[in-house]
Amino acid sequence: TMRVYLPLSPADIRSDTFFPDVAWAVTDSLEASVGNEHWGTEDYEAAAMDSAARSCIGLYPDMSPTCRIVVAADVDDVKPAGTAPGQVALEGPVGLDDVCSIHIDEEETWPLVAQALADEDDEDELGQAALLWYDVTELAMVREILEDAE
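What comes next is a walk through the structure.

Summed over all chains, the structure comprises one aromatic pair. Taking 5.2 Å as the distance between ring centres and 55° as the angle between the ring planes, the aromatic pair formed by Trp39 and Tyr44 counts as tilted. For Trp39, a relative accessible area of 29% gives the class partly exposed. Since its relative accessible area comes to 11%, Tyr44 is described here as buried.

Structure below.
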């Protein structure tokens, strides 16, 4: 089993299964590219989640509301994909039973997401903004937050 980080659009989060084109995980290539001898598992997982959050900008240029969404899930089948360190492809859809947590931008950050969508140079400032953590049991609340913002 491997923990993967799925970049989702606001429309994707309304579903009970997720199958994005791209996912991120702690892989040997990610460890080699970002780590050092002082890094532990949590540091690498944070780097994989950050990669997933950054990829939301390129994957969903028309997102509404302008909020990055990352779902962390434990899956059995992934394969390496793409050239970016940590990038993986899912073998099949991820169901809610596999989801561990949901991460979204806080509402104060949404204008930064909109700026990054309009101009990639603004993405660095956005990268400093941490995503909020929600348990999978709070999915209905996350959906409501995103729906109220539309």
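All of the buried residues along helix 3 (residues 110-118) are Trp110, Val113 and Ala116. Seen from one end, helix 3 has its buried residues packed into an arc of 115°, which puts them on one side.

In this structure, Val4, Leu6, Ile13 and Ile102 are the most contacted members of the largest nonpolar core, which totals 23 residues. Among the elements of the structure, strand 1 (2-8), strand 3 (23-25), strand 4 (69-75), strand 6 (87-90), strand 8 (99-104) and helix 5 (139-149) are those that each provide at least two residues to this core. Broken down by element, the residue count for this core peaks at four residues, all from strand 4. Ignoring any residue separated from it by four or fewer positions in sequence, one finds Val4 in contact with Trp24, Ala25, Val71, Ala72, Ala73, Val75, Val78, Val88 and Leu90. Val22, Ala48, Ala52 and Ala72 belong to the second-largest nonpolar core, a separate cluster that totals 11 residues.

With that out of the way, let us pick up the sheet that holds strand 1. As summarised here, the arrangement of the seven strands in space is 5-6-3-1-4-8-9, forming an open sheet in which the pairing is antiparallel. Bordering the open sheet on either side are strand 5 (78-80) and strand 9 (132-135), each of which pairs with just one other strand. The sheet shows a mean angle of 35° between the axes of neighbouring strands, direction not considered. Of the strand pairs in this sheet, strand 1 and strand 4 are connected by seven bridges, and their pairing is antiparallel. Bridge assignment links Val4 to a residue of strand 4, and that residue is Ala73. Across the sheet, helix 2 (residues 41-59) touches strand 1, strand 3, strand 4 and strand 8, and the angle it forms with strand 1 is around 25°.

Scanning all chains against the criterion turns up four salt bridges. In this structure, the salt-bridge partner of Asp105 is Arg68, at a minimum N-O distance of 2.6 Å. Remark: Arg68 occurs in the loop between helix 2 and strand 4 and Asp105 occurs in the loop between strand 8 and helix 3; sequence separation between them is 37 residues. Each member of the pair, Asp105 as well as Arg68, is classed as buried.

Before going further, it helps to examine the pairing of strand 8. The buried fraction of strand 8 amounts to five of the six residues, a majority that puts the element mostly inside the structure. Pairing of strand 4 with strand 8, which is carried by five bridges, proceeds in the antiparallel orientation. Counted as the bridge partner of Ala73 is Val99 from strand 8. Across four bridges, the pairing between strand 8 and strand 9 is antiparallel. For Ile102, the partnering residue across the bridge sits in strand 9 and is Tyr134.

Rules and cut-offs
Each chain carries its own residue numbering, running from 1 in the written order of its sequence. Restriction of local features to residues with pLDDT of at least 70 applies here, the model being predicted, together with a cutoff of 80 or more for giving and counting side-chain atom pairs; totals for whole chains, interfaces and linings are based on all residues. Side-chain metrics rest on all non-hydrogen atoms present in the structure, leaving aside hydrogens and water. Stacked, edge-to-face and tilted are the three classes for Phe, Tyr and Trp ring pairs, Trp counted by its six-membered ring, which pair at centre distances within 6.5 Å; planes under 30 degrees apart are stacked, over 60 edge-to-face, the rest tilted. For every residue, the accessible area obtained with a 1.4 Å probe (protein chains only) is divided by the maximum for its type, and the residue is called buried under 20%, exposed over 50%, and partly exposed between those limits. Helix and strand assignments follow DSSP, with helices taken as H or I runs no shorter than four residues and strands as E runs no shorter than two, numbered in order from the N terminus. The directions from the helix axis to the C-beta atoms form the arc being described. The set of buried Ala, Val, Leu, Ile, Met, Phe, Trp, Tyr and Cys residues whose side-chain atoms join them within 4.5 Å is what this entry labels a nonpolar core. Contact criterion: two residues are considered in contact whenever any of their non-hydrogen atoms come within 4.5 Å of each other. Think of it this way: DSSP has to see at least two bridges between two strands before they count as a pair. Here an axis means a line fitted to C-alpha atoms, over the contact stretch when the element is a helix, while the angle between two N-to-C directions is reported on a 0 to 180 degree scale. Each reported salt bridge corresponds to a side-chain nitrogen of Lys or Arg within 4 Å of a carboxyl oxygen of Asp or Glu.

The values reported here are purely geometric and, on their own, carry no functional implication.
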